[in-house]
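# An overview of the molecular structure
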Amino acid sequence: MSTLESNVDALLPELLAAFGPSGRESGVRRALRKALRGLGTLSEDATGNLRLHRPGRGPRLLLATPMDAAGVIVTRVDASGLGRVTLLGTRAPVELVGSTVVFEDGRKALLGYDRGPGSKNGADLEADQLFLETGLGKKGEREFPVGSVGAIEDRPARLGEFWCGANIEGRAGCAAVVAALRAARSSRYDLHVVFAAQSGLGARGATTGAFGIDPELAVVVDVAHIEGRETAGIAVGKGPCLGLKESGYVAHPEALALLKRAASAARVKTQWLIREHEGTDARAIRAARIGVPTALVAIPARRSGAAFSLAHARDITQTAALVAKLLAGVPAKGGSR
Amino acid sequence: MIAPPFDDALLGRLSEASGVSGGEDAVRRILIDDVRDHVDTLEIDALGSLVARISPAAPRSPRSKGSRRSRRGPHVLLCAHMDEVGLMVFAIEKDGRLRVRRVGGIDQRILVGQVFRVGASGLRGVLGALPPHLVSRPEREKVISIEDMYLDIGASTREEAERHVAVGDYACFDTAYEKWGSTRKGKAFDDRVGCTVLASLVKKRPPVPVTAVWSVQEEVGLRGAGAAARRANADVAIVLEGTASGEAPGASPGESAPLMGGGPALTVQDRTLMADARLVDLLERTGKERKIPTQWKRPGVGGTDAGRISLSGAGIPSAVVSVACRYIHAPAAYLDVRDPQRVTALVWHTLESLRKEWT
């Protein structure tokens, strides 16, 4: 456990801070390539997925986790140096107010918003009320042309037992998967790992990635934000969640049983994830080609109300432990062989 | 090589043809006649899309297999959709009036009083509603819903109407194609202008292997393109579109892009697509090198066949090049004919660049 823990602690800050808004994941691909050195054969596909292959004689297993993060695209910048943006991903505009936007070459700008008359302090904020302060006046238009893609700058922090960052949703799963790959070097599967691009735009990378690999079995590692009545029974810090049902997805019984056995073999306590309105890449992968038996393990996280979320360090480590046990091989049905 | 000319006359014929989503036959027939002698294979796929394959001319001097392969360049999917927004007859009233529903996105504010061509015979009808003096004052201020309109073909009984029209018939806007200087007026420029650019390109054998798809049912959910792309299994895709220009009195300068007459409009992102960054860069660079002005389509809005194509199979790097038209999805649109000429040239030269440098 301690190796997993130190691996996650070393990986996560760098992954959180890497540039990688949906569709422009170059920075996080680079960070992952470095972290994955020596763990398998790496490749990229047309959608921008980073893939790792570790050949084995067993069934073809797809292990998938998203790697993209929230971002903005400049729609115009006027002569005062103020710009308008459209959002990449599903974050509520109000969460992004006050965030620093960083562009691939390191340029920065600030996201503010028009507090119109009668505004309810931002609760009803629409994306077209956000503005980008470039600080450049007239030169802004040339420096930030229409179509420039920026990411929300993350300044990850460790607060007690919690990891706190703007990109927890896209990167905590990556850290857990990399740590698991380092821990379980021998695999009984023909293992394909997809660090999926454009997940925040509707599981686009998972769609093409799963088609390309044509797996016999898939496990999705993701983050689930706990909020509202639906997920009120889940606690951050009480272990990884096994996905039973979410929007467009129900767990495949055999794939789920495999995860359960991996959890019990790794002595990891789990919780159940059941939700109607949100979903992960599991939905796209289970429907790939003629269908793929798919299971989901999700790291629970809390939203702060602003750009960052909070995940418990132990939940991430235990997710890694569970996945590592799965890759190393778990006892077959019946348990005690 | 010099880029092919844009076929203005073909745009006129295609614009006047009826082709509401799912009923693209007339448009397809015109395209078949136009391109059949210029392509290697031509077929209609299961959903109705017209699919042509064209290989580049064989190099003059025999070369080793390897070098010829590398010179052929990537297999490029070029796609434009044949269908347009319109109406469908869903019931015929006792008094001979037709009840209709919209096919694709049409703004209800522009419908009342418009003349439509109904069914295969092209019979004309007016979209009517209660006149203002029979409507209460508050109701008069509201947009009339399509459910309160009817298509009037002049029949006075159901039996009379049924002699000319059947439930399920399509109705399209009745608009003549006209030329005023470099301006062209007509219906369905979204996406007959793309269809015409695509035909203009394939009639001069392109420099790379091309699968040309004139797709069906784009306006009702990008349906035809996904299936065609899956079969074509291309390396790269470029979608040719007619898109909305933004200029109008009261529009702020920043909101009005792209502009009619402003050159090919390139997409970075829309609701369905993150355009492939390398491909967008190549299009922009080719425009600069060839002195073809380009402009950016406003990010965040709209969606095209490219969304579906980019996610087909294991994924295809995709981009969209559009002609900015005023008043799309309405009875009459305008475009500046220099724009599709420039789109034709830009895509042609981009195909040449793809052959040289795409890996």
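Conventions used here
- Residues numbered from 1 in each chain as written.
- Chains lettered and ligands numbered in written order.
- Predicted model: local features only at pLDDT ≥ 70, side-chain atom pairs only at ≥ 80, totals over all residues.
- Helix = DSSP H or I, 4+ residues; strand = E, 2+ residues; numbered from the N terminus.
- Rg over C-alpha atoms; globule rule 2.2 N^0.38 Å.
- Buried ≥ 20, exposed ≤ 12 C-beta atoms within 10 Å, placed from the backbone.
- Pairing = 2+ DSSP bridges.
- Axes fitted to C-alpha atoms, helices over the stretch in contact; angles between N-to-C directions.
- Parallel < 35°, antiparallel > 145°, perpendicular 65-115°, else oblique.
- Left-handed = near helix turned anticlockwise from the far one by under 90°.
- Contact = placed C-beta atoms within 7 Å.
- Core = buried A, V, L, I, M, F, W, Y, C linked by C-beta atoms within 7 Å.
- Nonpolar A, V, L, I, M, F, W, Y, C, P; charged D, E, K, R; others polar.
- Expected span 1.5 Å × (residues − 1).
- Arc of directions from axis to C-beta.
- pLDDT = per-residue confidence, 0-100.

Check the secondary structure of chain B and you find ten helices and 17 strands. For a compact globule of 359 residues, the expected C-alpha radius of gyration is about 21 Å, and chain B comes in at 21 Å, within 12% of that figure. Its C-alpha atoms give chain B principal-axis dimensions of roughly 80 × 45 × 40 Å.

Take the overall build of chain A next. When you go through chain A residue by residue, the secondary structure sums to nine helices and 18 strands. Along the first, second and third principal axes, the C-alpha atoms of chain A reach 70 × 40 × 40 Å. Across the 337 residues of chain A, 57% fall into the buried class.

The next subject is the sheet that holds strand S5 (residues 82-88) of chain A. Residue and element names in this part refer to chain A. Taken in spatial order, the six strands close into a barrel running S4-S5-S8-S7-S6-S9, and their pairing is antiparallel. Strand-to-strand, the axes of this sheet are offset by a mean angle of 40°, without reference to chain direction. In this structure, strand S7 (residues 108-113) lies alongside strand S8 (residues 130-133), joined through four bridges in antiparallel fashion. Counterpart to Gly112 in the pairing with S8 is Phe131.

Each packed pair of helices is defined by two parameters, the angle between the axes and the distance between the axes. Residues and elements named next belong to chain B. Between helix H8 (residues 277-289) and helix H10 (residues 338-357), whose axes approach to 9 Å, the crossing angle comes to 110°. As summarised for this structure, H8 and H10 are arranged roughly perpendicular, according to the angle between their axes. The chirality of how H8 crosses H10 is right-handed. Residues Leu282, Leu283, Thr286 and Gly287 of H8 form the contact with H10, whose participating residues are Leu346, His349, Thr350 and Ser353.

With that settled, consider the sheet that holds strand S10 (residues 178-180) of chain B. Residue and element names in this part refer to chain B. Pairing in this open sheet of three strands is antiparallel, and the strands run S10-S11-S17 from one edge to the other. Of all strands in the sheet, those with a lone pairing partner are S10 and strand S17 (333-336), marking the two edges. Strand-to-strand twist in this sheet, taken as the mean axis angle between neighbours without regard to direction, amounts to 25°. For strand S11 (residues 183-186) and S17, the ladder comprises four bridges, and the chain directions are antiparallel. The residue of S17 that forms the bridge with Gly186 is Ala333.

This part is about the nonpolar core. Counting residues in hydrophobic clusters, the biggest one holds 196 residues, and the most contacted among them are Ala175, Ala176, Leu259 and Ile285 of chain A together with Leu77, Leu198 and Ala237 of chain B. By residue number, the principal contributor to this core is helix H5 (residues 168-183) of chain A, which donates ten residues. Leaving out residues up to four positions away in the same chain, Leu259 of chain A has contacts with Val219, Leu242, Ala295, Val297 and Leu326 of chain A. Core analysis: the next-biggest nonpolar cluster, separate from the first, contains 24 residues, Leu127, Ile153, Val165 and Cys172 of chain B among them.

The next point concerns the interface of chain B and chain A. With 16 residues of chain B at the interface, the matching set in chain A holds 21 residues. When grouped by side-chain class, the residues that make up the side of chain B that touches chain A number ten nonpolar, five polar and one charged.

Looking now at helix H7 (residues 253-265) of chain A. Residue and element names in this part refer to chain A. Here H7 is 13 residues long and its end C-alpha atoms lie 18 Å apart, about the 18 Å a rise of 1.5 Å per residue gives. Within H7 the residues assigned to the buried category are Ala255, Leu256, Leu258, Leu259, Ala262 and Ala263. End-on view of H7: buried residues confined to an arc of 155°, all on one side of the axis. Looking at H7, the residues exposed on the side facing more than 90 degrees away from the buried face are Pro253 and Glu254. Against strand S13 (217-225), strand S14 (241-246), strand S17 (294-303) and helix H9 (313-328) lie the buried residues of H7.

Our next topic: unusual backbone geometry. Omega for the bond connecting Asp190 of chain B with Asp191 of chain B falls within 30 degrees of zero, at 15°, which places this linkage in the cis form. You can see Asp191 of chain B is positioned in helix H6 (residues 189-203). In this model, Ala203 of chain A sits at a positive phi of 55°, which is unusual for a non-glycine residue. Position of Ala203 of chain A among the secondary structure elements: in the loop between strand S12 (190-196) and helix H6 (204-213).

Residues and elements named next belong to chain A. In terms of burial, strand S2 (residues 50-54) is largely enclosed, as four of its five residues are buried. Relative to S2, strand S1 (residues 41-44) runs antiparallel, the two sharing four bridges. Among the inter-strand pairings, Leu42 is bridged to a residue of S2, identified as Leu52. What sits between S1 and S2 in their antiparallel hairpin is a turn of five residues, with Gly48 showing a positive phi close to 105°.

This paragraph deals with the environment of Gly38 of chain A. By the element assignment, Gly38 of chain A lies in the loop between helix H2 (26-35) and S1. Put simply, Gly38 of chain A and Gln271 of chain A are 233 residues apart on the chain and 33 Å apart in space, counted from C-alpha to C-alpha.

Residues and elements named next belong to chain B. Where helix H1 (residues 8-16) contacts H6, the axes come no closer than 9 Å and their chain directions differ by 140°. Taken together, the axes of H1 and H6 lie oblique to each other. Seen along the crossing, H1 lies across H6 with a hand that is right-handed. Contact with H1, carried on its side by Leu10, Leu11, Leu14 and Ser15, involves Phe189, Arg192, Val193, Cys195, Thr196 and Ala199 of H6 and no other residues of that element. Its residues placed into classes, the contact of H1 with H6 shows seven nonpolar, two polar and one charged.

All right, on to the confidence of the model for chain B then. Mean pLDDT for chain B: 93, with 96% of residues reaching 70 or above. Model confidence for the complex is summarised by a pTM of 0.92, with the ipTM given as 0.88.

Let us now look at the pairing of strand S7 (residues 123-128) of chain B. All names here are of chain B. Note that strand S6 (residues 115-118) and S7 share four bridges and pair antiparallel. Pairing of Val115 across the sheet is with Val126, part of S7. Where S6 folds back onto S7 in an antiparallel hairpin, the turn is made up of four residues, including Gly119, whose phi is positive at roughly 65°. For S7 and strand S8 (residues 150-152), the ladder comprises three bridges, and the chain directions are antiparallel.

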